[in-house]
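# Fold and contact review
The lines below spell out each chain.
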Amino acid sequence: MQGREITFDFDKYKRPVLLNTKETIANTVINALFMVPGNSPVNPLNGVNIMQYMYKTYDSINTDEILTALRQTCGDTFATLYIDGVSINSARTPDGDLLIIAINLKMPDTREADALAIVLKKVDDRVHFNYGFMSDVLSVVA
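Everything numeric here is computed off the predicted structure, so don't read it as measured data.

### Some remarks on the overall build of the chain
Looking only at helices and strands, the chain has four helices and six strands in total. Shown N-terminal to C-terminal, the secondary structure of the chain runs as helices and strands in the order β-β-α-α-α-β-β-β-β-α. Out of the 142 residues in the chain, the part that is buried amounts to 34%. For the chain, contacts bridging at least 24 residues in sequence account for 37% of all contacts bridging at least 6. Of the roughly 8,900 Å² of accessible surface on the chain, a fraction of 54% belongs to carbon and sulfur atoms.

Rendered as structure tokens:
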């Protein structure tokens, strides 16, 4: 991985936006999480289908199964180099269900560990999500 991925977005100068290494890794991991097995005719086993865990209790979520599916979907080389572990917490809130996923990563630039936190929230019949790196959050707080 070269560390930069091009997107379909444009910057203020009408040039394609290039993601940095961390955003490229986040993009790959998030795509793998939301991919449903069977959607890709080339490799029908790829995909984590994280949405299926939105409606389960924490006790019924198998993080090892999710980690295995994530590593298979992202590819062995990518997963071995960057994905270090997965932890998941779920919570019920008065206005909807909440699923918090923390994926421990090893950053290729600095070889330091970081965590990608993804929050999914069910509101009515839709699911909203957002993500961030813990190092970015901690640098704002400090």
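### Here's the deal with the packing of helix α1 (residues 21-34) against helix α2 (residues 63-74)
The geometry of α1 relative to α2 is characterised by a closest axis approach of 9 Å and an angle of 115° between their N-to-C directions. In terms of crossing hand, the pair formed by α1 and α2 is right-handed. Across the interface between the two elements, Thr 28, Val 29, Ala 32 and Leu 33 from α1 touch Leu 70, Thr 73 and Cys 74 from α2. Among the residues making up the contact of α1 with α2, the classes are represented as five nonpolar, two polar and no charged.

### A word on the packing of aromatic side chains
Here the structure, examined in full by the defined rule, presents one aromatic pair. Ring centres of Phe 34 and Phe 129 lie 4.9 Å apart, and the angle between their planes is 50°; this geometry places the pair in the tilted category. Remark: Phe 129 occurs in strand β6 (residues 126-133) and Phe 34 occurs in helix α1; sequence separation between them is 95 residues. We classify Phe 129 as partly exposed; its relative accessible area is 40%.

### Quick notes on the side chain of Thr 73
Following the sequence through the fold, Thr 73 ends up in helix α2. Judged by its relative accessible area of 14%, Thr 73 falls in the buried class. Within the structure, Thr 73 has its side chain in polar contact with the backbone oxygen of Ala 69 (distance 2.8 Å). Non-local contacts of Thr 73, meaning those with residues more than four positions away in its chain, are made with Ala 32, Met 35, Asn 46, Gly 47 and Val 48.

### Points about the pairing of strand β5 (residues 113-123)
When β5 meets β6, the two strands line up antiparallel, connected through eight bridges. Paired with Leu 120 across the bridge in β6 is Phe 129. Joining the antiparallel neighbours β5 and β6 is a turn of two residues, in which Asp 124 adopts a positive phi near 55°.

### A short note on unusual backbone geometry
One non-glycine residue with positive phi stands out, namely Lys 14, at about 65°. With respect to the helices and strands, Lys 14 occurs in the loop between β1 (5-10) and β2 (16-19). Judged by relative accessible area, which is 67%, Lys 14 ranks as exposed. Look at Asn 49: it is not a glycine, yet its phi comes out positive at around 55°. For Asn 49, the position within the fold is in the loop between α1 and α2.

Rules used in this analysis
Residues numbered from 1 in each chain as written. Predicted model: local features only at pLDDT ≥ 70, side-chain atom pairs only at ≥ 80, totals over all residues. Heavy atoms only, no water. Helix = DSSP H or I, 4+ residues; strand = E, 2+ residues; numbered from the N terminus. Buried < 20%, exposed > 50% of the residue type's maximum accessible area, 1.4 Å probe, protein only. Contact = heavy atoms within 4.5 Å. Areas by Shrake-Rupley, 256 points an atom, 1.4 Å probe, with all protein chains shown as cover. Axes fitted to C-alpha atoms, helices over the stretch in contact; angles between N-to-C directions. Left-handed = near helix turned anticlockwise from the far one by under 90°. Nonpolar A, V, L, I, M, F, W, Y, C, P; charged D, E, K, R; others polar. Phe/Tyr/Trp six-rings, centres within 6.5 Å; stacked < 30°, edge-to-face > 60°. Polar contact = N/O pair within 3.5 Å; in protein donor to acceptor, adjacent residues only side chain to side chain. Pairing = 2+ DSSP bridges.

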